[in-house]
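Below, each chain spelled out in residue letters.
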Amino acid sequence: MAKDIGIDLGTANILVHVKGKGIVINEPAVVAINTNTKEVVAVGEEAYLMVGRTPGNIQAIRPLKGGVIADFDITEAMLSHFINKINVKSFLSKPNIIISTPTNITSIEQKAIIEVAEKAGGKNIYLEEEPKVAAIGAGMDIFQPSGNMVVDIGGGTTDVAVLSMGGIVTSESIKKAGDLLDNDIKEYVKKKHGLLIGERTAESIKVGIGEVFDEDREDSMEIRGRAMVSGLPETVTITSKETLEATRETMKEIVAAAKDVLEKTPPELSADIIDRGIIVTGGGALLEGIDQLLVEELKVPVFKAEEPLDSVALGTAILLDNIGKLKR
C-alpha cells in the first residue's frame, strides 16, 4: 500500500512528510546541473554545498523563485528525486500527495505543479495554500467560525492570511522574505565594508546575529570575503545593529503586508485576532525581534510557532488525515 505524502514546496527548503513516519526529508531546494550535458549532478543538501563553489560547467540552481516554479524541468527532477528517495510507491499503488503553494499562484502554475507531482509518481494531487497549511501545522484550529491570523515568512515569499471556517478570508503574498533579507545583508556589506560575500555567508550572518528590532543588541561576528579594492581575501567584523540597518526596508514591507491584511479583515474577525493574537511561522519566525516588531507595529499579540520551519509540513500531515474533506 502506498503511503500518502505531504510536501512543503518551499523556495529555500523542501520538506516531505510521510504518513505514519513524520518528516523524512528536509533539504535545500537546490539542484546542481552540468550545463554541458544538462544532467542533474546533485540535489538538496549536496547541491547546496556547491552554491558559489562550482567550476564553470556545474551550475547550482534554485528552481523555485519567489515561491513559483522558475524552471519546470529542474523542479520535476528535484521532486522526482525526493519522492523516489523515500520509496513510497509500491508496484500496484501510488500515493496521494498534498503540496503547499503560495496564495497568489496562477492556474497555469497550479497545473504545472500537479503535472510535476503526477510525473513523479503521485495518484491524487491536492494543492493547498501555504498560509492555511502553516496555520494548521502551528496548532491553530482554523475550521471554527472564528478569526485566526498567520504571517508565514519563507525563503521566497511572505504569506499573510486571516482564516476562518477552514478557508482564507483575506490574504496577501509578497515576494519579500528570507532570500531578500540575505541579499540586503550582502549589499550592505559590499557598500559599507567594501567586501564581496556570497549568499551562504549572508545567510549565516542573518541566522547568527540577525536582528530586526533591538537597536541595542551587541552581538557581532567575523566574516570573510573578497575586498573590492585589493581583490584579496579579507576578514571584517559585522554587528547585529548593522543587520538591523541592512534589513530595515524589507522588514517595513513585510509589516505593511500584515497591516494591509488586518485592514481588509471583517470587524468580527479582527476582534478574534485581538484575543488570539497572530502566529508567525516559516524561517522568518526565527529572526530575532520579529515578534516585538510586529507587536509594536500592529498592536496585537504575536506568537512564534513552536516549530516554525516545520509548520507547513506538519500541516500537510494533519490534512492527509482529513483527505476525504479535500477537493482536488
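Below or above, wherever it landed, is the structure these notes cover. (Residues numbered from 1 in each chain as written. Predicted model: local features only at pLDDT ≥ 70, side-chain atom pairs only at ≥ 80, totals over all residues. Heavy atoms only, no water.)

## What about the sheet that holds strand S5 (residues 39-43)?
Working step 1: If you walk across this open sheet you meet the three strands as S5-S4-S6, and the pairing is antiparallel. Among the strands making up the open sheet, the edge pair consists of S5 and strand S6 (58-61). When the angles between neighbouring strand axes are averaged without regard to direction, this sheet yields 30°.
Working step 2: With four bridges connecting them, strand S4 (residues 31-34) and S5 associate as antiparallel partners. (Pairing = 2+ DSSP bridges. Helix = DSSP H or I, 4+ residues; strand = E, 2+ residues; numbered from the N terminus. Axes fitted to C-alpha atoms, helices over the stretch in contact; angles between N-to-C directions.)

## Some words on helix H3 (residues 107-119)
Working step 1: For H3, which comprises 13 residues, the first-to-last C-alpha distance of 18 Å matches the rise-based estimate of 18 Å (1.5 Å per residue) to within 8%.
Working step 2: Turning to H3, its buried residues are Ala112, Ile113, Val116 and Ala117. The buried side chains of H3 occupy one side of the element, clustering within an arc of 130° when seen end-on. For H3, the exposed residues set more than 90 degrees away from the buried face come down to Ile108, Lys111 and Lys119.
Working step 3: On the buried face of H3, the contacting elements are strand S1 (5-9), strand S8 (68-69), helix H2 (72-86), strand S9 (97-101) and strand S10 (125-129).
Working step 4: Of the residues flanking the end of H3, it is Gly121, one or two places downstream, whose phi is positive at about 115°. (Expected span 1.5 Å × (residues − 1). Buried < 20%, exposed > 50% of the residue type's maximum accessible area, 1.4 Å probe, protein only. Arc of directions from axis to C-beta. Contact = heavy atoms within 4.5 Å.)

## Regarding a negative patch on the surface
Working step 1: Taken together, Asp214, Asp216, Glu218 and Glu288 make up a surface patch of like negative charges.
Working step 2: If you trace the backbone, Asp216 turns up in the loop between helix H6 (199-209) and strand S15 (220-227). (Patch = residues over 30% accessible without salt bridge, like charges linked within 9 Å, V, L, I, M, F, W, Y side chains within 5 Å. Areas by Shrake-Rupley, 256 points an atom, 1.4 Å probe, with all protein chains shown as cover. Salt bridge = Lys/Arg side-chain N within 4 Å of Asp/Glu carboxyl O. Lys, Arg positive; Asp, Glu negative; His and termini not counted. Charge placed at Lys NZ, Arg CZ, Asp CG, Glu CD.)

## Here we look at the sheet that holds S15
Working step 1: Strands sit in the order S14-S15-S16 across an open sheet of three strands; the sheet is antiparallel. Each edge of the open sheet carries a strand with a single partner, namely strand S14 (195-196) and strand S16 (233-239).
Working step 2: In terms of strand pairing, S15 meets S16 through seven bridges, oriented antiparallel. Note that in S16 the partner of Ser220 across the bridge is Thr239.

## Some remarks on unusual backbone geometry
Working step 1: Positive phi values are uncommon outside glycine, yet Met165 reaches one of about 55°.
Working step 2: On the basis of relative accessibility, which here comes to 58%, the residue Met165 falls in the exposed class.
Working step 3: Positive phi, close to 60°, is recorded for Lys299, a residue that is not glycine.
Working step 4: Within the secondary structure, Lys299 is located in the loop between helix H9 (290-298) and strand S18 (302-304).
Working step 5: Take Lys299: its relative accessible area is 67%, and that puts it in the exposed class.

## Some remarks on a nonpolar patch on the surface
Working step 1: A cluster of nonpolar side chains, namely Leu196, Met228 and Val229, defines an oily patch on the protein surface of about 300 Å² accessible area.
Working step 2: Relative to the helices and strands, Met228 is located in the loop between S15 and S16.
Working step 3: The exposure class assigned to Met228 is partly exposed, which follows from its relative accessible area of 43%.

By themselves, these observations are geometric and do not establish any function.
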